Every structure is written in C-alpha cells, then in structure tokens.
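Residue-level listing of the chains:
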Amino acid sequence: MSMRRIVAAPVLAFVFAAGTALAQDSGLGKPLTESDIKQWDITVLPDGSNLPSGSGMPAQGAKIFAEKCSACHGEAGKGGVAPYFPALVGGQPLTNGIDTVKTIANYYAYATTIFDYTRRAMPYNMPRSLTDDEVYSLTAYILALNKLIGDNDVIDAKTLAQVKMPNRDNFIMPYPDRL
Amino acid sequence: MSQWRRRYGAPVLDFAAGNGLINRRALLGSGVTFVGSLAAAAGTVTGAAAEPLADAPWSLAVGEIMPAVQTPSAFEKDVTRALSNPNGEFRTSHARTPHHRLGGTVTPNGLHFSINHGGIPNIDPAEHKLVIHGMVRQPLEFTLESLSRYPLVTRMAFVECAGNSAPMFAKEPLQTTVQMLHGLVSNAEWTGVPLSTLLDEAGIDPTAKWLVAEGADAQFLDRSVPVKKAYDDALIAIYQNGEHLMPGNGYPMRLLLPGYQGNMNVKYVRRIKVIDRPAYSYFETKNYSQILPGGKTWRFHFLMEVKSFITHPSYGLSLKQPGLYAISGLAYSGTGRISKVMVSADGGKSWGEAALQGPIQDKAFTRFVMPWRWDGQPAILQSRAYDDGGNVQPLRAEFVAMRGEASRPVTTPLGFPNQHYNSITSWAVDSAGEIKHVYA
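Residues numbered from 1 in each chain as written. Chains lettered and ligands numbered in written order. Predicted model: local features only at pLDDT ≥ 70, side-chain atom pairs only at ≥ 80, totals over all residues.

1. Comments concerning the sheet that holds strand S18 (residues 290-291) of chain B
Pairing in this open sheet of three strands is mixed, and the strands run S4(A)-S19(B)-S18(B) from one edge to the other. In this open sheet, the two edge strands, each paired with only one partner strand, are strand S4 (171-172) of chain A together with S18 of chain B. Sheet analysis places S4 of chain A next to strand S19 (residues 297-298) of chain B, joined by two bridges and oriented parallel. Each bridged residue has a counterpart across the sheet, and for Phe 171 of chain A the counterpart in S19 of chain B is Thr 297 of chain B. (Pairing = 2+ DSSP bridges. Helix = DSSP H or I, 4+ residues; strand = E, 2+ residues; numbered from the N terminus.)

See below:
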C-alpha cells in the first residue's frame, strides 16, 4: 500500500511537469496574428460586431436575387421545390404545430444570421462569390420582402443589428446549466 | 448455475416478464445448456439431416488473391447506407446506418452515418489548417502533422443527428426499417487531441464563455459551443476506428463533442473563434432548434438524451418459426453510461431486465440482449433505457404530452417534422412472424 504510494508520487510529478512544459514551449501551434486570420474571420455576432464595411438597399438586392437566387428560392423568394429550397418570405404562426415550416419572419432571432449565412454559404453552388455590398443588398431585399424594414432603408453594419426580429423573445433553453 | 433444466426432455425456462421474455441470467449460465435448449425449442434437432454432409466447392480449390484493402464479402452487398440524395442535387445529403444488419456496438467506418449540407469537400490533408483565435493570448495554427505529435487520446462515442428518429413525430407509425427511423446515429472509436490542450496553449481568456467552430466545407458550417463543454470532453479527432477519418465524417479533422447534437461536432474544422456569447449561426438558429407545442421554441438544446431501440428483430426481419430468439438492440445516453435496459414483449404491460454487453462506456453505444421464446402468438417488442444520471427514456405517451406530434401527415422517413426524439420504439410481431412498426 505505502510502497505503491511512494512509487506513484514521482510518476505523477513527472506527468504534471511534462504537461506544463508542453503548454509553455510546445511550438506545435504556429503563432499567428489576427491580421493573418482576417479573411477567414467571417463570424458575425448578433450585435453586429465583425460585420464588414459596405451597405445595400432592397432595390439593389432585388436585381441580384433575380439573377443569382431565384432559380432555387423562387420569384421574390416565394420558394422553390419544397422542402429543399425554402421560401424566404412569409411564414405561418408557430402555434400551428411543432412541424410549422421555420422561416426568417416567423423564426430567426437575429437579422445578422441572414447576412452571415448568405455570405458564407450562398449561392449554394458558388459560396463566397458575393461581394459584401451584394450580401448587404440581398439581406435588405429579404428583410423588406418580409416587411421587417422599409423599401428605402439602408442595411449596413450599424442598421442590420437594429432590425427587431419578431420571434426573438420566444426562445427558451432546456439546459441552461450546460452553458 | 443454469437457469435451464431438462425435464422429460424439454427445457424449463425461467421467465423474466410476460409473453416469453426469459431471465437474462440464462445468458450467464451454461452455454452448452442454453444452445441445446434453444435448438430443442426451435425443433431443429429431431432426426437426421435429409442428406449426408458433403464438402463445399470453396473448400476444394485455392482461394482468391488477397487485396491490399479488404472489403466485405460479396454476400454482404445489401449491407449499405440508405442515401437521401444519391444524384447529388443541390441540397443536403444523408446516409443512414443499417442497424438491422449490424451487430456489436462499433459502426464500421464505411457504414457510419453522414450528413453533408454542401457536399463532401475533397481536402488535401497537407494543406488543411486549424486556427484558434479570438479571446486568446496567442492565436495559433495547427495542421494534421502538428496535431499528430501531441499525446493522443482515444475514446468511444456515439454521434447522433438531432433529427435522428424524426419520423417518430408522425401521428401514424411509418412502416419502415430501423435504418430509416434511427439510422442517423452511429458509434465509433475516436482518437485525437483534447481541445482543452489546444485552448490552453493559445491561452484562453477566463471570461470567454463560447467558441464558434467552423468547417472548411462549402457552407463553412459553424456552430456555437459552450467553453464548458470544450473543457469537459471535447476532442479534435483525427482517427476513426483506427484509421484517419472518413471523408463523410470530417477528414482530416473534426470537432468531437460526445453526447451533443451531431451537427455541433463540426467536420473539416478549420477555425475555432473564442468569444463571450453565441453567434446565432444559421444552423443553431433554424434547423437545430425545436418548436414546442404552443409555439415556444427551444434553442441551444445540445444534449442527445437517453435512448434505445431494438434492432433484432425489427421491421423487415420477419420470424420464420416459433422458438427461441435473442431480442437485441442499442442503448446510449448523452449524459453518461447506460445503467439498465428493460424489455417488454407485451406492449409495456410487463418488463424484464436485459443483459448489457460490456464494456459499458460513457456516451457510447451499449448493446442489450434479452432471450425470448416466441410462442407464435402476437407480441409487441419494446425497449426502455436508463442512464447513470438517473434519466429514463420516456414512454411515448409521456413524450408526446411534452413534445407533441406533427400536425401534418408524415409520408416519408426523409423529412424532419421536429427533432430530439428519444422515446421508445415498438415492433409488433403478428402470428405469421411479420413485423410492423406500431405505437404502443
């Protein structure tokens, strides 16, 4: 019993020392600066932080949408072949059932999600091909189609986060202790 | 100690519950007695074989040339994943695991379920980079080569899509296989670097609460993950069942968050940004949050809760004749280890405790087995899992009362009326041995 303890103690000390050395002098992670990462860092937060410069309006977005988006999402975002190419306009109340189709207007908590996802993943077959101004314009167009902004509103890094999404306060967390 | 005794030439069975469920201790007793009794009950040891045994042709010639990478026998050609998008249309693709054609607990790599929202990227491992930045002292870049130099750790873990079993939200039970109902969960041995090691090396800000993990796929799929989980048991996995990850499972590296929604286990992970609040990415905003009865919605659900289903027998595997069978299936929990699985053959009127095949591991598949003598009468087979955190798989009535049912008819197992279904599955055996999916 005591023999085992005597043997075990130095082994543990060695493992601990090795772990500390690894963290301090490992050299396995190559140091970068945030400017090295700038092109990759496309994460937009709900308060609008990390949005790029640029802007767009609904009318500009309508033109881009007709050219690059309507083949899948339908004319004026009314939807393509359901459920794969969802409508971007409208939406039923969530009280209709647990299988209500989730849309931007009836579901999204933050408008920043529209910009972020469009910029990172759309158009489906040519991701990251849109300019930031084009993404702002498309975001403005989709928000205007849903009457969440006016037809003459400008969407940019400041105004996007100010759009109040209807379902924002409807979310609850089942496991808050896991955060 | 054998639970089976011969008396007047026939076995006497120790029944654990109604409709022929046999005490699991029969599996621990004399194997010879069990096998003998099984054969006797099935009525196959009466008289001599119709023809004398002869040597088979494959025994009388030299076999085939050994391949460099072996694949299953040609006789196993039907053991395949079920594809939702075989022609690669511009939409999400799903491949479901054929649980009714597999045994044990390890999902073979070729049959591990896979979902890709923008196709499978063809990544050159020498060029792939993983960046950790944001609220850290020093942003860092890692490669497959540099990650491979850390002391790697290995563990079993199931990965389950939050939409697995979604057809079970239908008001009427869909007549389809366990593969189509529950094929979006698989279990593998994963090897990689603890994410905590990499975060510590970068020097994480103690006020950081979240990280955003992003993949190198065509959607740059990203999810917000609590830092708490990252320090609990998260890995950057680079091996799957001993070989580098399958392309559909994240080659060359993925985030592994044992017990959390499959979608959060970001594949092809290229960037982890440490932040102080969630990003509300597309997938956590829309697909992977749930509408509740009454219209409230759950977000940041994360946890795949305790669950089990019977794989043998199940829909499509009819029983040929009355006699002894092993009811077998899979149980798992995102909170810990399986502690017990109860099985019923009479639609939940009575339950017997199944044998668990060890080792029983944290957040991993455990296979359960229940010996059963089918007397040729109708039976309804169910399983119900319990975990070591005190969680119990809900009965269907309990589950539906809390989570509801789809308001519209569900006509295909490929749709997702809602998510996070973990209630029980019921297979009804009729007197002809055919098996249907029922709610009971």
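That covers the picture; the talk isn't over yet.
2. Re the confidence of the model for chain A
On average, chain A scores 87 in pLDDT, and the residues at 70 or more come to 83%. In this model, residues 1-24 of chain A is a region of pLDDT below 50 whose contacts with residues beyond four sequence positions or in other chains number two contacts. (pLDDT = per-residue confidence, 0-100. Contact = placed C-beta atoms within 7 Å.)

3. Some thoughts on the interface of chain A and chain B
Opposite the 49 residues of chain A that make contact, chain B presents 55 residues. Where the side of chain A that touches chain B is concerned, the elements lending two or more residues are strand S1 (30-31), helix H2 (34-37), helix H5 (112-121) and S4 of chain A. Take the side of chain A that touches chain B: its biggest share by element is six residues, from H5 of chain A. Among the residues forming the side of chain A that touches chain B, the class breakdown is 29 nonpolar, twelve polar and eight charged. Bridging between S1 of chain A and strand S9 (residues 140-142) of chain B involves two bridges; their strand directions are antiparallel. Paired with Pro 31 of chain A across the two strands is Leu 140 of chain B, which belongs to S9 of chain B. (Nonpolar A, V, L, I, M, F, W, Y, C, P; charged D, E, K, R; others polar.)

4. Thoughts on the sheet that holds strand S8 (residues 130-134) of chain B
Strands sit in the order S1(A)-S9(B)-S8(B)-S17(B)-S12(B)-S13(B) across an open sheet of six strands; the sheet is mixed. Unpaired on one side and paired on the other, S1 of chain A together with strand S13 (222-226) of chain B mark the two borders of the sheet. Note that strand S12 (residues 210-215) of chain B and strand S17 (residues 269-275) of chain B share six bridges and pair antiparallel. Its bridge partner lying in S17 of chain B, Trp 210 of chain B is registered against Ile 275 of chain B.

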